[in-house]
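Fold and contact review
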Amino acid sequence: MWRRLVAAAALGSASALLLGALSPVTAAAEGEDRLREYIRANDHPMGSQIARVEGDHSTRESKRRALLPQGRDADGMPAMATVPGIDVSGWQGNVDWTDWWNQGKRFAYVKATEGTGYENPYFAQQYNGSYDVGMIRGAYHFALPDRSSGAAQANFFVDNGGGWSADGKTLPGALDMEYNPYGDTCYGKSQAAMASWIRDFHDTYHARTGRWPVIYTSTSWWNQCVGTAQSFGSTVPLWVARYASSVGTLPHGWNYHTFWQYTSSPIDQNSFNGSYDRLRVLALG
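Since the structure is predicted, the reported quantities are computational estimates derived from the model, not experimental observations. (Residues numbered from 1 in each chain as written. Predicted model: local features only at pLDDT ≥ 70, side-chain atom pairs only at ≥ 80, totals over all residues. Heavy atoms only, no water.)

This next bit is on the pairing of strand 4 (residues 136–142). The buried fraction of strand 4 amounts to seven of the seven residues, a majority that puts the element mostly inside the structure. Two elements, strand 2 (residues 107–114) and strand 4, share seven bridges in a ladder whose sense is parallel. Bridge pairing in strand 4 places Ala108 opposite Arg137. Two elements, strand 4 and strand 5 (residues 174–176), share three bridges in a ladder whose sense is parallel. (Buried < 20%, exposed > 50% of the residue type's maximum accessible area, 1.4 Å probe, protein only. Helix = DSSP H or I, 4+ residues; strand = E, 2+ residues; numbered from the N terminus. Pairing = 2+ DSSP bridges.)

This is the structure we're talking about:
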């Protein structure tokens, strides 16, 4: 979709240039404006709906505390280390990855897709740029469970940037499960139906890549829309969103978190629950 939009904008700009109506700078600006409008209409960044519903209560002090170890690690022991990272979407455009690297960020998740109709037009710059600067990176998918099946969305995700490779710098793809930006909180699904949808995505992603996806969510959304219908803790790393000074209570099925999105300001920021070596282990599978 976005490729057709960009091509159409470029064609219109070229025609206008031939007629002498627009300068190259103006034509480029108009194309960029159309691309930005496409993003505004279709791109829901990770956590955007959680911040809308639950609020972002992070402060300077809570952000500092979020980078201190807390809770349990994957071995059930008290957490001993964290690694800072960020996540981005089309809203960030071309990212200055060197700047974020110099600020100490060592991993990034980049939005690839939403539903089965949206692809992040800045995905290549963001995904490859984070890798090139030295970060461990992964891709994420914003789920719209009322639009199509979990399998259909997993396939769309893998086909458009959400795959995985055992290069030690690619994290398993993440499934973003949060409040519906278009209507009913749980997308019109019962807890059992939502759990089945997630299982469909989960199983399809594994069949395509050999890895289980990470699941991103908030405890409030998960307990309301999935509850105890199914448990994914035995296979899926948890990425929990909570914009406060502690990670808080985790959703049903998980005893520890792998990632924590602790603020959306001035950009989505995250901590990995473990050392850098453990982050590389997750990437390697």
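On we go from here.
Of all hydrophobic cores here, the largest spans 64 residues; its most connected members are Ile198, Trp221 and Phe259. The element contributing the most residues to this core is helix 8 (residues 191–209), with six residues. Apart from residues lying up to four places away in sequence, Ile198 is in contact with Leu175, Met177, Ile215, Trp222, Val226 and Phe232. The next biggest cluster of nonpolar side chains, apart from the first, holds five residues, and it includes Tyr38, Ile39, Tyr118 and Tyr122. (Core = buried A, V, L, I, M, F, W, Y, C linked by side-chain atoms within 4.5 Å. Contact = heavy atoms within 4.5 Å.)

To continue, consider the side chain of Gln153. The topology assignment puts Gln153 in helix 7 (residues 150–159). Among the polar contacts made by the side chain of Gln153, one reaches the side chain of Ser148 at a distance of 3.1 Å. With near-sequence residues (within four places) excluded, Gln153 lies in contact with Gly115, Thr116, His141, Phe142, Ala143, Leu144, Pro145, Arg147, Ser148, Trp197 and Phe201. (Polar contact = N/O pair within 3.5 Å; in protein donor to acceptor, adjacent residues only side chain to side chain.)

Now for the state of the cysteines. Covalent bonding between the sulfur atoms of two cysteines is what defines a disulfide. Within the structure shown, the criterion is met by one disulfide. One disulfide in the model links Cys186 with Cys225; its S-S distance is 2.0 Å. Around the S-S axis, the bridge from Cys186 to Cys225 shows a dihedral of about -75 degrees and counts as left-handed. Of this pair, Cys186 sits in the loop between strand 5 and helix 8 while Cys225 sits in helix 9 (residues 219–225), and the two are 39 residues apart along the sequence. This pair shows no difference in class: Cys186 is buried, exactly as Cys225 is. (Disulfide = S-S within 2.5 Å.)

No statement about biological role is implied by the geometric values presented.
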